[in-house]
Amino acid sequence: MKKPKWVIEKERGKRAAAAETVWLFGLHAVRDALMNPRREKLQLVLTKNAADRLGDAVAEGPEPEIADPRKFPAPLDPGSVHQGAALEVRPLDWGPMGDLCHAPPGEAPSVVLLDRVTDPHNVGAILRSAEVFGARAVIAPARHSAPETGALAKTASGALERQPYLRVQNLSRAMEELREMGYRLLGLDGEADVTLEGGLAGASADPVGLVLGAEGPGLREKTRDTCDTLVRIDYAGPFGSLNVSNAAAVALYAATRR
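Residues numbered from 1 in each chain as written. Predicted model: local features only at pLDDT ≥ 70, side-chain atom pairs only at ≥ 80, totals over all residues. Heavy atoms only, no water.

## Overview of the sheet that holds strand β9 (residues 194-195)
Strand order in the open sheet made by the seven strands is β7-β6-β5-β10-β8-β11-β9, with parallel pairing throughout. The two strands at the open ends of the sheet, each matched to only one other strand, are β7 (165-168) and β9. As paired strands, strand β6 (residues 138-141) and β7 are joined by four bridges and run parallel to one another. Its bridge partner lying in β7, Ile-139 is registered against Leu-166. (Pairing = 2+ DSSP bridges. Helix = DSSP H or I, 4+ residues; strand = E, 2+ residues; numbered from the N terminus.)

So, in structure tokens, the structure goes:
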């Protein structure tokens, strides 16, 4: 019996995901990936100096290829500041969103949802802030978002190994699932009538999802409509624009102060 087309496509997608690998680079990103038991590590390329600086962490990965720094063989973009260290890995699997974001009674955690934020440097910085302020996860759509890359990992400075970064098939559906779990969804919009403080005050005892859009277009209409409240970060002067990673840090800090 011939398999349906959707079954064939699903199996093909699973095979492609299994074959996907990422080259991490830079001393911090490589060290933290080597020390992460959840990471599947495939190839390690180091200069002698980088191997010395990584020390005992080298033993946590595959046998390293010691490379000439003038002819570094890892397949990286020419502009990558690799510091003599590169590690090929498989992307992390954090498991189901419901397990990560479950909020028992009496707890009010936060998550960050990113609507088409494609710049890996912004996402890396958001992962760092999310780790610092204890967010359960950073959630983004599988398409039109920054994938797990070496540039993202280097900007995250190790946070990618510890802070769940989930890429879901449908962001609005994930938001609805979080609402069913008790989360209050606050969408950041510079022209909103309600301040961030006001929105958080209205959700003082609830888990909170902080929803941020790409710089320029902001939140898409469907995402805006799925939020419970649109909120703005108050500013003191006539210039009131923050980039998305800074806005995420401010919102996460405010959420911890409830």
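Back to the text.
## A closer look at unusual backbone geometry
Positive phi outside glycine occurs at Gln-83, with the angle close to 55°. Structurally, Gln-83 can be placed in the loop between β3 (65-66) and β4 (85-89). The backbone of Arg-116 sits at a positive phi, close to 60°, despite the residue not being glycine. Mapped onto the fold, Arg-116 is located in the loop between β5 (110-115) and α5 (120-132).

## Notes on the environment of Pro-147
Structurally, Pro-147 is set in the loop between β6 and α6 (150-156). Its relative accessible area of 34% is what places Pro-147 among the partly exposed residues. Taking the C-alpha atoms as reference, Pro-147 lies 9.4 Å from Pro-91; in sequence the two are 56 residues apart. In this structure, Pro-147 is in contact with Leu-152 and Arg-167, ignoring residues within four places of it in sequence. (Buried < 20%, exposed > 50% of the residue type's maximum accessible area, 1.4 Å probe, protein only. Contact = heavy atoms within 4.5 Å.)

## Some remarks on the state of the cysteines
Under the definition given, this model contains zero disulfides. Free of any disulfide, Cys-101 has its nearest neighbouring cysteine sulfur in Cys-227, separated by 16 Å. Residue Cys-227 is classed as buried on the basis of its relative accessible area of 10%. (Disulfide = S-S within 2.5 Å.)

## A few points about the packing of α5 against helix α10 (residues 244-256)
Packing of α5 against α10 leaves a shortest axis separation of 8 Å and a crossing angle of 15°. Judged by the inter-axis angle, α5 sits roughly parallel to α10. Relative to α10, α5 is oriented so that their crossing is right-handed. The residues of α10 that touch α5, namely those facing Asn-122, Ala-125, Ile-126, Ser-129 and Ala-130, are Val-244, Ser-245, Ala-248, Ala-249 and Leu-252. In the contact of α5 with α10, the residues fall into seven nonpolar, three polar and no charged. (Axes fitted to C-alpha atoms, helices over the stretch in contact; angles between N-to-C directions. Parallel < 35°, antiparallel > 145°, perpendicular 65-115°, else oblique. Left-handed = near helix turned anticlockwise from the far one by under 90°. Nonpolar A, V, L, I, M, F, W, Y, C, P; charged D, E, K, R; others polar.)

## A word on the nonpolar core
Formed by 51 residues in total, the largest nonpolar core has its most connected members in Leu-114, Leu-127, Tyr-165 and Leu-212. Looking at this core, the element that brings in the most residues is α10, giving seven residues. Once you skip the residues sitting within four places of it in the chain, Leu-114 turns out to touch Val-123, Ile-126, Val-138, Ile-139, Ala-140, Pro-141, Leu-171 and Leu-212. In terms of nonpolar packing, the next biggest core, distinct from the first, is built from 19 residues, Val-111, Leu-113, Leu-166 and Leu-178 among them. (Core = buried A, V, L, I, M, F, W, Y, C linked by side-chain atoms within 4.5 Å.)

## Considerations on the pairing of β5
Where burial is concerned, most of β5 is hidden: six out of the six residues are buried. The two faces of β5 match: Ser-110, Val-112 and Leu-114 on one face and Val-111, Leu-113 and Asp-115 on the other face are all buried. In this structure, β5 lies alongside strand β10 (residues 208-213), joined through six bridges in parallel fashion. Each residue of the ladder has a partner; that of Val-111, found in β10, is Gly-209. The β-α-β motif built from β5, the intervening α5 and the parallel element β6 has right-handed crossover chirality. (Right-handed = clockwise from strand over helix to strand, strands pointing away.)

## Some words on the sheet that holds strand β1 (residues 22-25)
What the four strands build is an open sheet, ordered β1-β4-β2-β3; its pairing is mixed. Either end of the sheet is taken by a strand with one partner, and the two such strands are β1 and β3. Bridge count for strand β2 (residues 41-46) against β4 is five bridges, and the pairing is antiparallel. Each residue of the ladder has a partner; that of Lys-41, found in β4, is Val-89. The sheet contacts of helix α2 (residues 27-34) involve β1, β2 and β4, and relative to β4 the element is tilted by about 45°.

## Focus on α2
One full turn of an α-helix is made of 3.6 residues, so residues set three or four places apart face in the same direction. Turning to α2, its buried residues number three or more, namely Leu-27, Ala-29, Val-30, Ala-33 and Leu-34. Here the buried face of α2 lies against β1, β2, α3 (48-54), β4 and α6.

## Some words on the pattern of salt bridges
Scanning the entire structure with this criterion turns up 13 salt bridges. A salt bridge links Glu-161 to Arg-39; the shortest N-O distance between them is 2.9 Å. With Glu-161 in the loop between α6 and β7 and Arg-39 in the loop between α2 and β2, the pair connects residues that are 122 residues apart, well separated along the chain. What makes Glu-161 buried here is its relative accessible area of 5%. (Salt bridge = Lys/Arg side-chain N within 4 Å of Asp/Glu carboxyl O.)

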